[in-house]
Amino acid sequence: MRGRKSSALAWATGAVAAFLGALLAAPSAALAEEAVPTGAKEPAVISLGDSFISGEAGRWKGNGNTWRGSRYGTDLAAYNCWREISCSYDPTRVYGSSYANGCNRSAGAEIKHLSSVRINGRSFEIDEGNRINIACSGATTEDVLRARFKGEPPQIEQLANHAAAKDIKLIVLSIGGNDIGFSDVIASCAKAFSSPVEVRHCNERLRQPMKERIATMKPKVEEVLQSIRSTMGNAGYQPADYRLVLQSYPSPIPRGADNRYPETYARLNTGGCPFFNDDSNWARDTIIPDLSEAHEKAARNVGGVDFLNLQDALDGHEVCAEGVRQSASGNTLDNPLPKAESEWARFIVSGLTQGQQQESMHPNFYGQEEMGRCLNAMAETAAHTFTCNSPA
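First things first, this report covers the structure right here in the doc. All values derive from a computational prediction rather than experimental measurement.

1. Examining the sheet that holds strand 10 (residues 385–389)
Judged by pairing direction, the sheet is parallel, and its six strands sit side by side in the order 6-1-7-8-9-10 without closing on themselves. With partners counted over all chains shown, the strands left at the sheet margins are strand 6 (131–133) and strand 10, one partner each. Taken pair by pair, the neighbouring strands of this sheet meet at an average axis angle of 20 degrees, ignoring direction. Pairing between strand 1 (residues 43–49) and strand 7 (residues 167–174): seven bridges, direction parallel. Bridge assignment links Leu48 to a residue of strand 7, and that residue is Leu173. Against the sheet, helix 5 (residues 155–165) makes contact with strand 1, strand 6 and strand 7, and its axis sits at roughly 180 degrees relative to strand 1, the strand it touches most. Relative to the sheet, helix 10 (residues 365–379) contacts strand 7, strand 8 (243–247), strand 9 (306–312) and strand 10, its axis offset from that of strand 10 by approximately 150 degrees.

2. Quick notes on the pattern of salt bridges
Inspection of every chain in the model, using the stated rule, returns 20 salt bridges. Between Asp290 and Lys211 there is a salt bridge, with the nearest N and O atoms lying 3.7 Å from each other. On the criterion of sequence distance, the pair formed by Asp290 in helix 9 (residues 277–302) and Lys211 in helix 7 (residues 202–234) is long-range, its members being 79 residues apart. Since its relative accessible area comes to 23%, Asp290 is described here as partly exposed. Lys211 sits in the partly exposed class, given a relative accessible area of 41%. One network of salt bridges, with partners in common, ties together Arg284, Asp312, Asp315 and Glu318.

3. Topic: a negative patch on the surface
Negative charge collects at one region of the surface, where Glu125, Asp127, Glu128 and Glu380 lie side by side. Within the fold, Glu128 resides in the loop between strand 5 (122–125) and strand 6.

4. Here's the deal with the packing of helix 7 against helix 9
Packed helices, taken two at a time, are described by the angle their axes make and the gap between the axes. Two elements in contact, helix 7 and helix 9, have axes separated by 9 Å at closest approach and are oriented at 20 degrees. In terms of axis orientation, helix 7 runs roughly parallel to helix 9. The way helix 7 lies across helix 9 gives a crossing that is right-handed. Tallied by class, the residues present in the contact of helix 7 with helix 9 amount to 14 nonpolar, five polar and nine charged.

5. Concerning the state of the cysteines
A complete count under the given rule lists five disulfides for this structure. The disulfide bridge from Cys81 ends at Cys87, spanning 2.0 Å between sulfur atoms. With the S-S bond torsion at 115 degrees, the cross-link from Cys81 to Cys87 turns out right-handed. Judged by its relative accessible area of 14%, Cys87 is buried. For Cys189, the disulfide goes to Cys202, at an S-S distance of 1.8 Å. Because the sign of the S-S torsion sets the handedness, a value of about 65 degrees for the bond joining Cys189 and Cys202 places this disulfide among the right-handed ones. Of the two residues, Cys189 is situated in helix 6 (residues 182–194) and Cys202 in helix 7; the sequence distance between them amounts to 13 residues. Comparing Cys189 with Cys202 shows no difference in burial state: the two are buried. Disulfide partners in the protein chain, listed by the sequence order of the bonded cysteines, are 1-2, 3-4, 5-6, 7-8, 9-10.

6. Concerning the packing of helix 6 against helix 7
Where helix 6 meets helix 7, the axes come as close as 11 Å, and the angle between the chain directions of the two elements is 175 degrees. By the criterion of interaxial angle, the relationship of helix 6 to helix 7 is roughly antiparallel. Taken together, the residues of helix 7 that come into contact with helix 6 (itself represented by Val185, Ser188, Cys189 and Ala192) are Cys202, Arg205, Leu206, Met210 and Arg213. Split into classes, the residues belonging to the contact of helix 6 with helix 7 amount to six nonpolar, one polar and two charged.

Definitions and limits used
Residues numbered from 1 in each chain as written. Predicted model: local features only at pLDDT ≥ 70, side-chain atom pairs only at ≥ 80, totals over all residues. Heavy atoms only, no water. Pairing = 2+ DSSP bridges. Helix = DSSP H or I, 4+ residues; strand = E, 2+ residues; numbered from the N terminus. Axes fitted to C-alpha atoms, helices over the stretch in contact; angles between N-to-C directions. Contact = heavy atoms within 4.5 Å. Salt bridge = Lys/Arg side-chain N within 4 Å of Asp/Glu carboxyl O. Buried < 20%, exposed > 50% of the residue type's maximum accessible area, 1.4 Å probe, protein only. Patch = residues over 30% accessible without salt bridge, like charges linked within 9 Å, V, L, I, M, F, W, Y side chains within 5 Å. Areas by Shrake-Rupley, 256 points an atom, 1.4 Å probe, with all protein chains shown as cover. Lys, Arg positive; Asp, Glu negative; His and termini not counted. Charge placed at Lys NZ, Arg CZ, Asp CG, Glu CD. Parallel < 35°, antiparallel > 145°, perpendicular 65-115°, else oblique. Left-handed = near helix turned anticlockwise from the far one by under 90°. Nonpolar A, V, L, I, M, F, W, Y, C, P; charged D, E, K, R; others polar. Disulfide = S-S within 2.5 Å.

Okay, here's the thing in structure tokens:
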């Protein structure tokens, strides 16, 4: 890497092609622990699903456009740094053993911020060791229900083991994005922006197919929710013993008018947000709300399921959003760019200079912290529907 003269985000057409299909895909992590119930079980919470809750991109505390050192204080896998010129890197410092198979369950994932749960007028404190994350980057509804994925049993089987070993008080699920091929949509939009020959923007080609995919996704999400209910019932739980939360997806990019870069290659070479304005608007104002609506209906159809609306959770802090910025020279691991001034989603990288391509367009360390704040705020109330808005 030391001989590179180009920007960390200087894309070639080949880099964009290599990026296709990598966003939400990932290998997996540690298998679920065996259930060994002894005496009174400790209260616990657990997250299931895909990369938006597993903690993908939690390695990055904002975005910094450099391949050197700690990447302007954003790379939490960096250590033994010398004058911000060179560092050693160990992603397991963030993702633990799950880095080996790509589930990428980060130490700061959303569930790790859930400190208490309110059920039937009573609050239960949750110790850090009982905030369990079995979600896996790249997972579909099928991987939760039936399929072995990245070397692990279906997540529903892992849930059964944890339900026997712990007193589960809250289950939170993020699922469906991979069923509709959301990563392919992001990749297609990026390719359209960077291609010298593509004349049709991705919203023109994919608008109708995405509506159909979301409609097909909804009953699959309902099946997952029903399976979770059955699994918990088989483990001896009554519905009133725990809360089941289905959450929607936040938008990682802003509307075109809210992008701080002009609609030029600055978005590709500098910002890491290579999207046309109309494609950005379509993603932000159509796909994300349509997904949220489908998830809310799925929760309502199954019944007894709480719904956490996260579509605006990163508002004002998306990649390339006006009013925030990337880290720069002078920012270090000891002096990071403050959260209030940073981007809360991972910019698109070629994978050659900063981490993994699959981390692109996911909530980063700050984004996961914010989503955790929202989940914790909901869990401390009796609300069955909760909308999370970015505080700044």
